[in-house]
Amino acid sequence: MREVREETSRFVQALAAQGVGKGTRVGLVSPNCPEVLHVGHACQILAAVQVPMHPLGGLADHLHVVRDAGVELLVFDAGRFEDRARDIARAVPGLRLLAIGRSTLAEDIGRLTARFAPQPLVAPVVAPGDVMRLGYSGGTTGRPKALASIQRVGIAVLQVMMSEWEWPEPPRVLSCAPLSHAGSAMILPTLLKGGELLVLPGFEPVAVMRAIQDYRINCMMLVPTMIYALLDHPRFGEFDLSSLETVFYGASAISPARLREAIARIGPVFMQFYGQSEAPMALTMLRKRDHDAADLQRLASCGRPTPWAHIQLQDGAGRPVPDGEPGEICVRGPLVMDGYRGEPELTAEALRGGWLHTGDVAVRDAQGFLRIVDRTRDMIVSGGFNIYPREIEDVIGEHPAVAQVAVIGVPHAKWGEAVTACVVPKPGMAVDAAALIAAVVARKGSYQAPKAVEFLDRIPQTAVGKPDKQALRARYAGTSPA
């Protein structure tokens, strides 16, 4: 904690010397490294606005973010992003640059901070609605949208994570998710709980498993695709992962069958969180004790609402639906955004009726557990029937040879859309398409059965590790089954 405090102080002074103050937009493009954390903490102390740019983003998206956010200072990793910083600076006159590492373009922030001695940190004076961060969507539905994270929401998320999440005491946390996105949420709770943090440049299965073993890591955050990659790695059995006490997971739906496998092979250490950028991280939780490995329906749940979220499942007319019926998850409370920056029409649509409309469709059971059946935009309409891909994915995912599955609708002249399953087999295992189709027919009926099964080496992913169904739909748009 002392080391982080002292480094934060040096970074505060260094950024202030570059003219950073309250409201200054500070862009950041870098892989995971300690400097990313220090810049983020310094921006908070200075009441500046951090604008993270995903390290896997393209030049067009990065330029859009810099221009749209009004970035004044861009901090970049010299080893990986010097050329990108040069291209951005050429296109945005007046943009100031600061490098992480030696650079021909800008001063090294490490050398700059070394000139300053640690000073006491002074908390800034901020209002609940002040912007602390401008985050941008991955752009899979068009140009990236700006979402302003405000102080009120940041405090509410921290309160939920500190009081409701199941942390080891003290936590020894491994961070391998992008710090430009959800990975950074682990930092402050870890420090406040007196824990330790090990940051890896990114996710690589062997490096992650070796770090867990060597540093006796007891806590980490993963997305489902990372869990699958660990389970399917041929060297999984070589490493001792017994130190793990809590694995937080979320960001996209997980296969119940694969979650059951993870519990069997890693242990009863999993805790799910559900949220979205518009209401981050902490809308619902599926606690460790609620992970009943004998009940796949329960493992398909995203849990029950946290005390900070008022959640209602609504139909298309904004009316609450009864238990057992699908409805859109709608949210009120301190976790909800104020709106999309510069997008009044999108904001009005998302917050209509005084509720945040998440776009996620769920069913609530008698015990209050929510089970997300799909995104409203991913719903398939085939032959006049509404079909939720998540339910088909859960059935196909139970096959012992299936590693991953994504179900999409492909345009079809007769049916409107044809259900198509994109399947990644487990290494060295074969899967029979007819058997998968038959399993869906038996459980969900013939109208929900895939008209086609496509076998892939991998499911494309968005920049934050979610299955990219838009890319899949584009790939198969002209290949409708008969």
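Computed from a predicted structure; not experimentally measured.

1. Here's the deal with helix 3 (residues 59–69)
Burial in helix 3 covers these residues: His62, Leu63, His64, Val65, Val66 and Ala69. Of the surrounding elements, those touching the buried residues of helix 3 are strand 1 (25–29), strand 2 (49–52), helix 4 (78–91) and strand 5 (131–136). In the stretch just after helix 3, Gly70 is the one whose phi turns positive, near 70°.

2. Some remarks on the sheet that holds strand 8 (residues 196–199)
Whether parallel or antiparallel, the strands of a sheet pair through hydrogen bonds between backbone atoms. Pairing within the open sheet is mixed, and its seven strands lie in the order 8-7-9-10-11-12-13. One side of each edge strand has no neighbouring strand; the edge strands of this open sheet are strand 8 and strand 13 (304–305). For strand 12 (residues 279–286) and strand 13, the ladder comprises two bridges, and the chain directions are antiparallel. From the neighbouring strand, Met285 faces strand 13, where its bridge partner is Arg304. Along the sheet, helix 9 (residues 224–232) makes contact with strand 9 (219–222), strand 10 (246–249) and strand 11 (270–276), crossing strand 9 at roughly 110°.

3. Structural notes on the packing of helix 13 (residues 389–397) against helix 14 (residues 433–444)
Where helix 13 meets helix 14, the closest approach of the two axes is 9 Å, and the angle between their N-to-C directions is 120°. Relative to helix 14, helix 13 is oriented oblique. As for how helix 13 packs across helix 14, the hand of that crossing is right-handed. Residues Glu391, Ile392, Val395 and Ile396 of helix 13 form the contact with helix 14, whose participating residues are Leu436, Ala439, Val440, Arg443 and Lys444.

4. Details of the packing of helix 1 (residues 2–17) against helix 2 (residues 34–46)
At a closest axis distance of 8 Å, the pairing of helix 1 and helix 2 adopts a crossing angle of 65°. Relative to helix 2, helix 1 is oriented roughly perpendicular. Here the hand of the crossing between helix 1 and helix 2 comes out right-handed. Contacts between helix 1 and helix 2 involve Val4, Glu7, Thr8, Phe11, Val12, Leu15 and Ala16 from the former and Glu35, His38, Val39, His41, Ala42, Cys43, Ile45 and Leu46 from the latter.

5. Notes on the pattern of salt bridges
Under the definition given, this model contains 27 salt bridges. Between Glu107 and Arg115 there is a salt bridge, and its shortest N-O distance comes to 2.3 Å. With a shortest N-O distance of 3.0 Å, Glu349 and Arg352 are connected by a salt bridge. You can call Arg352 partly exposed: its relative accessible area is 35%. Here the salt bridges do not stand alone but share partners, grouping Asp232, Arg258, Glu261, Arg265 and Lys426 into one network.

Cut-off values and rules
Residues numbered from 1 in each chain as written. Predicted model: local features only at pLDDT ≥ 70, side-chain atom pairs only at ≥ 80, totals over all residues. Heavy atoms only, no water. Buried < 20%, exposed > 50% of the residue type's maximum accessible area, 1.4 Å probe, protein only. Helix = DSSP H or I, 4+ residues; strand = E, 2+ residues; numbered from the N terminus. Contact = heavy atoms within 4.5 Å. Pairing = 2+ DSSP bridges. Axes fitted to C-alpha atoms, helices over the stretch in contact; angles between N-to-C directions. Parallel < 35°, antiparallel > 145°, perpendicular 65-115°, else oblique. Left-handed = near helix turned anticlockwise from the far one by under 90°. Salt bridge = Lys/Arg side-chain N within 4 Å of Asp/Glu carboxyl O.

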